[in-house]
Amino acid sequence: MNITIKYGTENIDWMALCEIFRLAPLGTREPEKLKIAAENSHTVCSAFTGQKIIGFGRAISDGQYQSAIYDVVVLPEFQNQGVGKLIMESLLEKLPKSGPVLIFVAPGKQEFYRKLGFGKLKTGMGLFPNPDMSRAKGYLE
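Thresholds, definitions, all that
- Residues numbered from 1 in each chain as written.
- Predicted model: local features only at pLDDT ≥ 70, side-chain atom pairs only at ≥ 80, totals over all residues.
- Heavy atoms only, no water.
- Helix = DSSP H or I, 4+ residues; strand = E, 2+ residues; numbered from the N terminus.
- Buried < 20%, exposed > 50% of the residue type's maximum accessible area, 1.4 Å probe, protein only.
- Contact = heavy atoms within 4.5 Å.
- Axes fitted to C-alpha atoms, helices over the stretch in contact; angles between N-to-C directions.
- Parallel < 35°, antiparallel > 145°, perpendicular 65-115°, else oblique.
- Nonpolar A, V, L, I, M, F, W, Y, C, P; charged D, E, K, R; others polar.

A. Structural context of the overall build of the protein. A tally of helices and strands in the protein yields five helices and five strands. Taken from N to C terminus, the helices and strands of the protein fall in the order β-α-α-β-β-β-α-β-α-α. Its C-alpha atoms put the protein at 40 × 35 × 30 Å along the principal axes. Considering the protein as a whole, with its 141 residues, one finds that 33% of them fall into the buried category. Long-range pairs, those at least 24 residues apart, make up 59% of the contacts in the protein between residues at least 6 apart in sequence.

Pasting the structure below:
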């Protein structure tokens, strides 16, 4: 399998990417909002096979103290083949090494990130616009 990682937001089919989120399943995204979020991110990388987008991830950072990774997603038929790991390694390569890198993890996916060196936070908290929905999805206690 020939996978190419591309940085930036050029040549991303936002509708196709939103469909990957739906199929993964990681919920729904609106193409225009996802594009704006990506354009305002520190690092964006996408995985392609040929011209087809099969994975994506983005990170925000202040460049010095902290970074956070969001929206790591891989098309289901390409999961468990190293694509997610390649996306994560590509993001981490571009982020500052001087501070922590945080990530929201979909319930049940913690082990994937643990293998990449991430540890469970003891002091993390979140303020969500819809806490009941966030509890139901397993993000809040």
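B. Representation of the packing of helix α1 (residues 14-23) against helix α2 (residues 31-39). Where α1 contacts α2, the two axes come as close as 9 Å, and the packing angle between them is 100°. Judged by the inter-axis angle, α1 sits roughly perpendicular to α2. For the pair α1 and α2, contact is made by W14, M15, L17, C18 and F21 and by P31, L34, K35 and A38, respectively. When the residues that make up the contact of α1 with α2 are grouped by side-chain class, the tally is eight nonpolar, no polar and one charged.

C. Broad picture of the environment of K6. Examined against the element boundaries, K6 turns out to sit in strand β1 (residues 4-7). Among the residues examined, K6 registers a relative accessible area of 33% and is labelled partly exposed.

D. Unusual backbone geometry, seen in detail. Geometrically, the link from A24 to P25 is a cis peptide bond, its omega value of -15° lying close to zero. Residues other than glycine seldom take positive phi values, yet N11 does so here, at roughly 60°. One can find N11 in the loop between β1 and α1. We classify N11 as exposed; its relative accessible area is 72%. Even without being glycine, D71 reaches a positive phi, approximately 60°. Tracing the backbone shows D71 in strand β4 (residues 67-74).

Worth remembering: the numbers are spatial, not functional.
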